[in-house]
Amino acid sequence: MSHPWDVTVYLVETPDAARGPLTQAHAVLATADGTTLDGYGRARVPRDTDDTTAWEALAVAGALRDLARRLALEAGERSGLEREELPAAC
């Protein structure tokens, strides 16, 4: 039986004339049972570029990595595993 889990990523760019815009990503996981988990990432766009695509991707990658870490910790807690017992990738 299939159980869909959905991830939505929100991007916000905050202007900063001195250091370059800051792109922030917020990833939200919604599981089939209604549980939600959040992950966050960010990347600063260099002032000398107009192409923000790569920086958005870096912010999203950071948010998904943070979400994966939080998901592994949550799963470990629910299963009774200690942090040291989680797979190394987590």
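See the structure shown above.
All of the points below concern the structure found in this document. (Residues numbered from 1 in each chain as written. Predicted model: local features only at pLDDT ≥ 70, side-chain atom pairs only at ≥ 80, totals over all residues. Heavy atoms only, no water.)

A word on helix α1 (residues 53-79)
Quick reminder of the rule: Here a helix means four or more residues in a row that DSSP labels H or I, a strand means two or more in a row labelled E, and each is numbered from the N terminus. Working rule for helices: expected span equals 1.5 Å times residues minus one. Accessible area is worked out with a 1.4 Å probe on protein chains only. A residue is then buried under 20% of its type maximum, exposed over 50%, and partly exposed in between. Note on definitions: a residue-residue contact is assigned when non-hydrogen atoms from the two residues lie within 4.5 Å.
Here α1 contains 27 residues, and its C-alpha end-to-end distance of 38 Å stays within 8% of the 39 Å for a straight helix at 1.5 Å per residue. Along α1, the residues that are buried comprise A59, V60, G62, A63, D66, L67, A72 and G76. Those residues of α1 that are buried are in contact with β1 (6-14), β2 (22-30) and β3 (36-44). Immediately downstream of α1, the backbone of G80 shows phi near 85°, a positive value.

Remarks on the sheet that holds β2
The strands making up a sheet associate through backbone hydrogen bonding, with each pair oriented either parallel or antiparallel. Applicable threshold: If DSSP finds at least two bridges between two strands, the strands pair. For helices, the axis comes from a line fit to the C-alpha atoms of the stretch in contact; other axes are also lines fit to C-alpha atoms, and the angle between any two N-to-C directions lies between 0 and 180 degrees.
Overall, antiparallel pairing links the three strands, which are arranged β1-β2-β3 in an open sheet. Edge positions in the open sheet fall to β1 and β3, since each of these has one partner strand only. Shown here is a sheet whose adjacent strand axes are inclined to one another by a mean of 15°, direction ignored. Judged from the nine bridges that link them, β1 and β2 form a sheet pairing that is antiparallel. Across the sheet, the residue bridging to T8 is V28, located in β2. Along the sheet, α1 contacts β1, β2 and β3; its crossing angle with β3, the most-contacted strand, is approximately 145°.

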